[in-house]
Amino acid sequence: MSEIKNILFIMFDQLRFDYLGCAGHPHLKTPHIDRFAEKAVRFTRTYVQSPICGSSRMSFYTGRYVHSHGAQRNNFPLKVGEHTLGDHLRANGMDAWLVGKTHMEADAKGLERLGIAPDSVIGARLAECGFDVFVRDDGLWAEGPDGFYDSRRSPYNEYLKSKGYPTENPWNKFANAGLDEDGEIASGWLMKNSPLPANIREEDSETPWLTSECIRFLEERKDDERPWLCHLSYIKPHWPYIVPAPYNDMYGPEHVIPAVKDEAEKQKPHPVYGAYMDTLIAKSFSREDVRHDVIPAYMGLIAQCDDQMGRLFAYLEESGRMDDTMIVLTSDHGDYLGDHWLGEKNFFHECTVKIPMIVYDPRAAANPTRGTTSDALVEAIDLAATFVEATGAEVPDHILEGRSLAPLLHGETPEDWRDAVICEFDYSTTPMATKLGVELRDARLFMVFDGRYKLIHAEGGFRPMLFDLETDPDEFTDLGKSAEHAEIIDRLYVKLGQWARRLSQRTALSDEEVRAMLGKSNRRGILLGLYDGSEVPEEWLSEIKGPAPASYLDQS
């Protein structure tokens, strides 16, 4: 029997790996997360499979590379046949529940083709990335001239309306907007408004609301013997960058770390990187006044997240749930915040593809590693395998492409642990693809990182990019054109090629099932290549030798 009964899988959206106190941020205070890390293992080299919300999350939820599951961008559906975390856990007696965001796009055509009703139990799970939904809110209730970005009903908006916020979309007008000096809406979409407090009571803002929903979930199941995984998935500190008081002025421009950027990066950059530096968001974050307005608000959002972790961890302690619950705290990707002359995410520098990952394992075997860090190369897809292992089941490695972190949590490093991580990005629907004149199917980027060298490959006939993070940890010098590094580039291309040739589509049969088929056809009557039968055991010939039932050769 496993000592783990339940799993609490906490994900923040767009939280950088280096914006935590325990990760060494010089100004940002995150005491509750830091104390949690003292009970857990903090993995310092964890990488996402894609630096964009939807694709990254689908890899977390399937335990498979983007190359395998195919949901390569936000709003690209996850194929209806993909196994999800919920499928694996339910097979092992554990429910999988959602509280918060998934950014899942359902495969409506696939459901229709198979005749699965979207409102059936199976249909709902397929449409919700395998989760049963306690509450789903993706936190993207933006409105424009043509309507809502997300047209579904917002539980958070309904909550705010029940609290007396008098609009149809209080997410837009209150939770993510302040008031200017004339009493007009100061939207968080305009980054000059980031220093203002959001026009909402702090306890009604998104992060406390989701924490309350999670505690309500836990309360409803405190006497339930059925094991569960709860995916508590926050929208913050994702933009819009605006936060309620007192967090809005907790930090100021004096707490903003200088951007990690160099003028040399602008000199004859790789064409794809150059196209990204030419976007509106990149140009905005290249301005110091923008960074000085936005980053203190981003830090305030993280401070609010940390306070809510304190509230949640206190509940878990008081209810005794820390004794039998595995807890993971992570993020779906990072945020450039002006580093490398960029904003948002969507490229492969460390600040976006490396994420925080803190794992608390309540088992006694994890006692020796509590409060330690691990620099093993970890991928986001490893969590699905870790969760399956935590139920006491064998990891189906013909489906799940990650590896359980249990050995690392218990102080062991397998000799065959991976020596490289992979990340992918599809930019086919972006203005950059149009600007570069790239065919839709060629608008793809791949990253392979071996712990020192990072190779970035762009389809469409572009040269590679290469960074040596040992001599150039800030990733300023692109060595992709360096003849001296040709051998390293070739070696990393070999790794990328090996990864691309991996067996990833044979998911219906395990290795054990395939192995059990060996030799079966001979005993079932398929006897190819024999001359006189002496080549095989006599019993295999029992149905093709002996007296004939009758002779029809001479009958007309």
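Report on the accompanying structure.

Definitions and cut-offs
- Sequence order sets the numbering: in each chain, residues are counted from 1 along the sequence as written.
- Residues qualify for local features only when their pLDDT is at least 70, as the model is predicted, and side-chain atom pairs are given and counted only at 80 or more; totals for whole chains, interfaces and linings, by contrast, use all residues.
- Values shown for side chains rest on all heavy atoms present in the structure; no hydrogens or waters enter the calculation.
- Here the rule is simple: two strands pair whenever DSSP picks up at least two bridges between them.
- We count a stretch as a helix when DSSP gives it H or I for four or more residues in a row; a strand needs E for two or more, and each element gets its number in order from the N terminus.
- Helix axes are fitted only over the stretch in contact, all axes being lines through C-alpha atoms; the angle between N-to-C directions runs from 0 to 180 degrees.
- What makes two residues a contact is simply this: any of their non-hydrogen atoms within 4.5 Å.
- Counted as salt bridges are all cases of a side-chain nitrogen of Lys or Arg within 4 Å of a carboxyl oxygen of Asp or Glu.
- Buried residues are those whose accessible area, probed at 1.4 Å on protein chains only, stays under 20% of the maximum for their type, while exposed residues exceed 50% and partly exposed ones sit between those limits.
- With a 1 Å grid laid over protein atoms only, a set of points is called a cavity when a 1.4 Å probe fits there but cannot get out and a pocket when it is open yet has protein on both sides within 12 Å along at least five of seven lines; lining residues have an atom within 4 Å of a point.
- Grid points are joined across faces, edges and corners, and a volume is the space filled by probe spheres set on the points.
- Amino acids outside the nonpolar list (Ala, Val, Leu, Ile, Met, Phe, Trp, Tyr, Cys, Pro) and the charged list (Asp, Glu, Lys, Arg) are all regarded as polar, and Gly is one of them.

With antiparallel pairing, four strands are arranged side by side in an open sheet as β14-β15-β16-β17. Each having just a single partner strand, β14 (421–426) and β17 (465–468) make up the two edges of the open sheet. Between one strand axis and the next, the sheet turns by 15° as a mean value, whatever way the strands run. Of the pairings in the sheet, the one linking strand β15 (residues 444–449) to strand β16 (residues 453–458) comprises five bridges and is antiparallel in character. Within β16, the residue paired with L445 across the bridge is A458. Relative to the sheet, helix α17 (residues 486–500) contacts β14, β15, β16 and β17, its axis offset from that of β16 by approximately 65°.

To continue, consider the pattern of salt bridges. For the structure shown, the criterion picks out 49 salt bridges. One salt bridge connects R463 with D478, and the closest N-O pair in it is separated by 2.8 Å. Here R463, found in the loop between β16 and β17, pairs with D478, found in the loop between β17 and α17; they are 15 residues apart in sequence, far enough to count as distant. D478 sits in the partly exposed class, given a relative accessible area of 26%.

Taken as a whole and assessed by the stated rule, the structure comprises six cavities of 30 Å³ or more. Put simply, the largest cavity is a space of about 70 Å³. For the lining of the largest cavity, the secondary-structure elements that each account for two or more residues are α9 (206–220) and α12 (288–319). Looking at the lining of the largest cavity, its residues break down into five nonpolar, four polar and two charged. Its volume calculated, the second largest cavity comes out at about 50 Å³. What lines the second largest cavity is simply V66, Q72, E424, F425, D426, R444, L445 and F446. Broken down by secondary-structure element, the contributors of at least two residues to the lining of the second largest cavity are β14 and β15. Considering only residue class, the lining of the second largest cavity consists of four nonpolar, one polar and three charged.

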